[in-house]
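Residues per chain, in single letters:
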Amino acid sequence: QHKDAYQVILDGVKGGAKEKRLAAQFIPKFFKHFPELADSAINAQLDLCEDEDVSIRRQAIKELPQFATGDNLPRVADILTQLLQSDDSAEFNLVNNALLSIFKMDAKGTLGGLFSQILQGEDIVRERAIKFLSTKLKTLPEEVMTKEVEEFILTESKKVLEDVTGEEFVLFMKILSGLKSLQTVSGRQQLVELVAEQADLEQTFNPSDTDCVDRLLQCTRQAVPLFSKNVHSTKFVTYFCEHVLPNLSSLTTLVEGLDIQLEVLKLLAEMSSFCGDMEKLESNLKKLFDKLLEYMPLPPEEAENGENAGNEEPKLQFSYVECLLYSFHQLGRKLPDFLTAKLNAEKLKDFKIRLQYFARGLQVYIRQLRLALQGKTGEALKTEENKIKVVALKITNNINVLIKDLFHIPPSYKSTVTLSWKPVQKADSSQKRASEDTTSSSPPKKASAGPKRDARQIYNPPSGKYSSNLGSFSYEQRGGFRGGRGRGWGGRGNRSRGRIY
């Protein structure tokens, strides 16, 4: 008789608003007593979840976790994941809460439902399910996020990563790098390999294909925070030296306002500190050296009377040189006799002339910048113009320290500098200050202690003579490594789901 009574409740979903409201409460309440009617009960509740009346829908969704018992849980998780597409904020929050509550009952079962929709569901469901994982997983307690659960997330994520957009890839890297089991050296190594696979470092690099360039940059940005003295960047540094540097001037991007060449050089500089043993070290160092020479001009020829022979003063691109010189200095440590034994005497002499000329220009700028910043503290350093000067001073001081190292006989690779856009490490700063140039009547060193984190501007000094017109710096604001996401990338092949790339 009770079974018949329950069937009446199930039939209530076909009735009016009052019957539906009662059904939404009583179907889940007595669900566990009628296992033979489980399918009918879940389907009836589902009908209520799709009702036109928002209050009935909310009531039905709120009760869904009560159906998540035994074999029914993955199905309930799958249903809740599909319901993430709701545009009603209260409903959407109820779905989130319901998913979190069944997560605590059975994390793997819930993940099974989420991942099945990520792999096969509608685009909007896929997008919201990925977002759910990227925001909610980190809030779950350790007893829910066991090692076994984390391994399941990694395995399923690898399946998804076979076909993702750029934005999705970034979210998955956020999910995976937050997993406790991947905080170890071997875990980080695994993540680097995942990124390398995504970057497709075996493919021929096409500098004029914006998708190809964008994918490499996005992947490299994800890899950079993972590198350390134990997790090496060798594969990426090798690819940059062999394929990207020779094509630097032909790189293309759809990201407005991004200096793509400088972006590449900054990534290379950050990775160069963690490069391990490289197979073709000498030939890659040579490529880096040749690219550096392009930005290290020879002094203009002087006429017999000592006047400039009509040649314009070359433009010194300090931001580029900082990156290239730093990368060369880092890799040069692995082959310290490169400049003396691997270059002929004529080339070395030419390089030293270029270094000397660049260093002369540097001294002028460093003096001007220190003078401009002398005595300025606190609020005065926070103006846009002064922030740029502080960054410019960091860049020029860095180049100065590195050039001094290379002027040693034999060239030295011992100095340590912090790249101008990175926050200054306390341990480094004293070392850096000790080796900074102190020529000219330099003002107090306070000048370079500006807002350390705000170091993202590009410093382009005025072209022509070493101008004292510090107001004419052209620069562009750069939002760090987070530019141009969401376009995704193409060319992965098996795009069966027809998503927009």
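All residue numbers refer to positions counted from 1 along the written sequence of the respective chain. Only residues with pLDDT of at least 70 get local features here, since the model is predicted, and only at 80 or more are side-chain atom pairs given and counted; chain-wide, interface and lining totals rely on the full set of residues. Computation of side-chain values covers all heavy atoms of the structure but excludes hydrogens and water.

Participant: Can you walk me through the overall build of the chain in this structure?
Facilitator: A count of helices and strands for the chain gives 20 helices and zero strands. Out of the 501 residues belonging to the chain, those deemed buried represent 52%. Contact definition: two residues touch when any of their heavy atoms are within 4.5 Å. The long-range share in the chain, meaning contacts at least 24 apart out of those at least 6 apart in sequence, stands at 73%. About 23400 Å² of surface is accessible on the chain, with carbon and sulfur atoms providing 49% of the total. Secondary structure counts use DSSP, requiring at least four H or I residues in a row for a helix and at least two E residues in a row for a strand, with both numbered from the N terminus. Accessible area is worked out with a 1.4 Å probe on protein chains only. A residue is then buried under 20% of its type maximum, exposed over 50%, and partly exposed in between. Where accessible areas are quoted, they stem from the Shrake-Rupley method and a 1.4 Å probe; at the residue level, only the protein chains shown are allowed to cover.

Participant: Hey, could you run me through the nonpolar core in this one?
Facilitator: Nonpolar cores were defined as sets of buried Ala, Val, Leu, Ile, Met, Phe, Trp, Tyr and Cys residues, with membership established by side-chain atoms within 4.5 Å. Ile-27, Leu-80, Phe-236, Phe-328 and Leu-339 are the most contacted members of the largest nonpolar core, which has 142 residues in total. With nine residues, helix 16 (residues 318–332) is the single largest residue contributor to this core. Not counting chain neighbours up to four residues away, the residues in contact with Ile-27 comprise Tyr-6, Ile-9, Leu-10, Val-13, Ala-41, Ala-44, Gln-45, Leu-48 and Phe-67. Counting seven residues, the second largest nonpolar core, distinct from the first, contains Ile-366, Leu-369, Leu-373 and Leu-381.

Participant: Please clarify how the packing of helix 13 (residues 234–244) against helix 14 (residues 260–272) should be interpreted in this entry.
Facilitator: The description of two helices packed together rests on the angle between their axes and the distance between the axes. Axes, fitted as lines to C-alpha atoms, cover a helix only where it is in contact. Angles between the N-to-C directions of the axes lie from 0 to 180 degrees. Running from N to C, helix 13 and helix 14 cross one another at 145 degrees; their axes reach a closest spacing of 9 Å. Here helix 13 and helix 14 pass one another in a crossing that is left-handed. Side by side, helix 13 and helix 14 meet where Phe-236, Val-237, Phe-240 and Val-244 of the first sit next to Val-264, Leu-267, Leu-268, Met-271 and Ser-272 of the second. Each residue receives one of three labels: charged for Asp, Glu, Lys and Arg, nonpolar for Ala, Val, Leu, Ile, Met, Phe, Trp, Tyr, Cys and Pro, and polar for the others, Gly being one of them. Split by residue class, the contact of helix 13 with helix 14 holds eight nonpolar, one polar and no charged. Crossing chirality is assigned from the near helix's rotation relative to the far helix, an anticlockwise turn below a right angle marking it left-handed and a clockwise turn marking it right-handed.

Participant: Looking at this structure, how should I read the packing of aromatic side chains?
Facilitator: Any pair of Phe, Tyr and Trp rings, taking the six-membered ring for Trp, is counted once the centres come within 6.5 Å. Such a pair is stacked with planes under 30 degrees apart, edge-to-face with planes over 60 apart, and tilted for the rest. Scanning all chains against the criterion turns up 15 aromatic pairs. Seen in terms of ring centroids, Phe-103 and Phe-132 are 6.5 Å apart; in terms of plane orientation they differ by 25 degrees. Their pairing is stacked. Remark: Phe-132 occurs in helix 8 (residues 123–136) and Phe-103 occurs in helix 6 (residues 89–105); sequence separation between them is 29 residues. Between the aromatic rings of Phe-328 and Phe-351, the centroid separation amounts to 6.5 Å while the plane-to-plane angle is 70 degrees, which identifies the pairing as edge-to-face. Residue Phe-328 is found in helix 16, and its partner Phe-351 is found in helix 18 (residues 345–373); the two are separated by 23 residues along the sequence. Judged by relative accessible area, Phe-328 falls into the buried class, the value being 0%. Through pairs of rings, three or more aromatic residues link up here, namely Phe-289, Phe-328, Phe-338 and Phe-351.

Participant: Can you help me understand unusual backbone geometry in this one?
Facilitator: Negative phi characterises most residues that are not glycine, and trans characterises most peptide bonds. Here Ile-409 and Pro-410 are connected by a cis peptide whose omega angle stands at -10 degrees. Following the sequence through the fold, Pro-410 ends up in the loop between helix 19 (384–407) and helix 20 (426–435). Here the phi dihedral of Asp-200 falls at roughly 60 degrees; this positive angle occurs in a residue that is not glycine. Position of Asp-200 relative to the elements: it lies in the loop between helix 11 (185–199) and helix 12 (210–223).

Participant: Help me understand the environment of Gln-203 in this model?
Facilitator: By the element assignment, Gln-203 lies in the loop between helix 11 and helix 12. Overall, the relative accessible area of 24% leaves Gln-203 in the partly exposed class. Residues contacting Gln-203, with those up to four places away along its chain left out, are Cys-212 and Tyr-239.

Participant: I keep staring at helix 19 and nothing clicks. Help me out?
Facilitator: Because each turn of an α-helix spans 3.6 residues, side chains separated by three or four positions in sequence point in the same direction. In a helix, the anticipated span is given by 1.5 Å times the number of residues less one. An ideal rise of 1.5 Å per residue puts 34 Å on 24 residues; helix 19 measures up with 35 Å between its terminal C-alpha atoms. Of all 24 residues in helix 19, 20 are buried; the element is thus mostly enclosed.

Participant: What's the story with the confidence of the model for the chain in this structure? I'm lost.
Facilitator: Detailed reading of the predicted model is not advised wherever pLDDT is low. For the chain, mean pLDDT is 82; residues scoring 70 or higher make up 82% of the total. Contacts for the low-pLDDT stretch residues 427–488, under 50 throughout, to residues beyond four places or in other chains number 149 contacts. Taken together, the stretch residues 490–501 has pLDDT below 50 and engages in 33 contacts with residues farther than four places along the chain or on a different chain. Per-residue confidence from the predictor is reported as pLDDT, which spans 0 to 100.

Participant: Just checking my understanding: could you explain the environment of Ser-208 for this structure?
Facilitator: Here Ser-208 is to be found in the loop between helix 11 and helix 12. Ser-208 gets classed as exposed once you look at its relative accessible area, which sits at 53%. Each C-alpha atom of the pair Ser-208 and Asn-247 lies 9.3 Å from the other, and the pair is 39 residues apart in sequence. In contact with Ser-208, other than residues within four places in its own chain, are Ser-250 and Thr-252.

Participant: Mind showing me how you'd approach the pattern of salt bridges here?
Facilitator: Where charged atoms from two side chains of opposite charge come close, those side chains can pair. In what follows, salt bridge is the name for a side-chain nitrogen of Lys or Arg lying within 4 Å of a carboxyl oxygen of Asp or Glu. Tallied over the full model, the rule gives 19 salt bridges. Among the salt bridges present, the one from Glu-156 reaches Lys-159, with a minimum N-O distance of 2.8 Å. In this pair, Glu-156 and Lys-159 are both assigned in helix 9 (residues 147–160), three residues apart and thus about one turn of the helix distant. Of the charged contacts, one joins Glu-379 and Lys-382 as a salt bridge, the two residues approaching to 3.4 Å between their closest N and O atoms. Under the relative-accessibility criterion, Lys-382 is labelled partly exposed at 49%.

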